[in-house]
Amino acid sequence: MKHHCENHERCMEMIQAVLDGSATPEEMQHYKTEMNRCLPCIEGEELQKSIKHALNAKIEKKCCPEQTISQIKSKLSVASLLLLLLVAEIKLIDIYF
Ligand SMILES: [Zn+2]
């Protein structure tokens, strides 16, 4: 399992395309590979899905928005925590290698 994505911006675009249903077969293949081994991408997908879900719920006015917002907030804090861990890891690598 990768804890650092060397091309995260590109990966996020790809995930977005897959979720939108506009991904090319090539992007789809890359997506499947990344989702099995790339932790930042898995987290990113979760985040994008919950944002998408929140937006849909807002449009449909089906779900209580309060709950969804707090869900997104908790996801975001997990994502920023991961980012912090990543930075810490890089610093440790700097020190030891
Ligand atoms: Zn990735």
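What you are looking at is a predicted structure, and each value in this text was computed from that prediction instead of being measured.

A.B. asks: When you look at the overall build of the chain in this model, what are you seeing that I'm missing?
C.D. replies: For the chain, the count of helices and strands is 4 helices and 0 strands. Traced from its N-terminal end to its C-terminal end, the chain shows the element sequence α-α-α-α. For the chain, the residues scored as buried account for 10% of the 97 residues in total.

A.B. asks: Before we go on, may I ask you to explain the nonpolar core in this structure?
C.D. replies: Membership of the largest hydrophobic core is limited to 6 residues, which are Cys5, Cys11, Met14, Ile15, Cys38 and Cys41. When residues in this core are grouped by element, the largest group, 3 residues, is from helix 1 (residues 8-20).

A.B. asks: Would you take a moment to explain the environment of Thr24 for this structure?
C.D. replies: Here Thr24 lies in the loop between helix 1 and helix 2 (25-37). According to the C-beta neighbour criterion, Thr24 is exposed, with 11 such atoms within 10 Å. It is 9.1 Å that separates the C-alpha atoms of Thr24 and Met14, two residues lying 10 residues apart in sequence.

A.B. asks: Just checking my understanding: could you explain the packing of helix 1 against helix 2 for this structure?
C.D. replies: In a pair of packed helices, the angle between the axes and the distance between the axes together describe the arrangement. Relative orientation of the contacting elements helix 1 and helix 2 amounts to 110°, with a least axis distance of 10 Å. For the element pair helix 1 / helix 2, the angle class is roughly perpendicular. The two elements helix 1 and helix 2 cross, and the hand of that crossing is left-handed. Here Cys11, Met14, Ile15, Ala17 and Val18 of helix 1 come into contact with helix 2, specifically with Glu27, Met28, His30, Tyr31 and Glu34. Its residues placed into classes, the contact of helix 1 with helix 2 shows 7 nonpolar, 1 polar and 2 charged.

What counts and how
- Every chain is numbered on its own, with residues counted from 1 as its sequence reads.
- Under the rules for a predicted model, residues below a pLDDT of 70 receive no local features and side-chain atom pairs below 80 are neither given nor counted, while totals for whole chains, interfaces and linings still include all residues.
- In this text, helices come from DSSP runs of H or I with a minimum length of four residues, and strands from runs of E with a minimum of two, each type numbered from the N-terminal end.
- The burial criterion counts other C-beta atoms lying within 10 Å of a residue's C-beta, which is placed from the backbone; the residue is buried at 20 or more, exposed at 12 or fewer, and partly exposed between these limits.
- We define the nonpolar core as any set of buried residues of the types Ala, Val, Leu, Ile, Met, Phe, Trp, Tyr and Cys, connected via C-beta atoms lying within 7 Å of each other.
- Between N-to-C directions, angles cover 0 to 180 degrees, with each direction set by a line fitted to C-alpha atoms, over the stretch in contact for helices.
- Reported orientations rely on four angle classes, namely roughly parallel under 35 degrees, roughly antiparallel over 145, roughly perpendicular from 65 to 115, and oblique for the rest.
- Crossing handedness is read from the near helix: turned anticlockwise from the far helix by less than a right angle, it gives a left-handed crossing, and turned clockwise, a right-handed one.
- Two residues qualify as a contact pair if the distance between their C-beta atoms, derived from the backbone, is within 7 Å.
- Three classes are used, and their members are as follows: Ala, Val, Leu, Ile, Met, Phe, Trp, Tyr, Cys and Pro are nonpolar, Asp, Glu, Lys and Arg are charged, and the others, Gly among them, are polar.

Remember, this is a structural readout, not a statement about activity or role.
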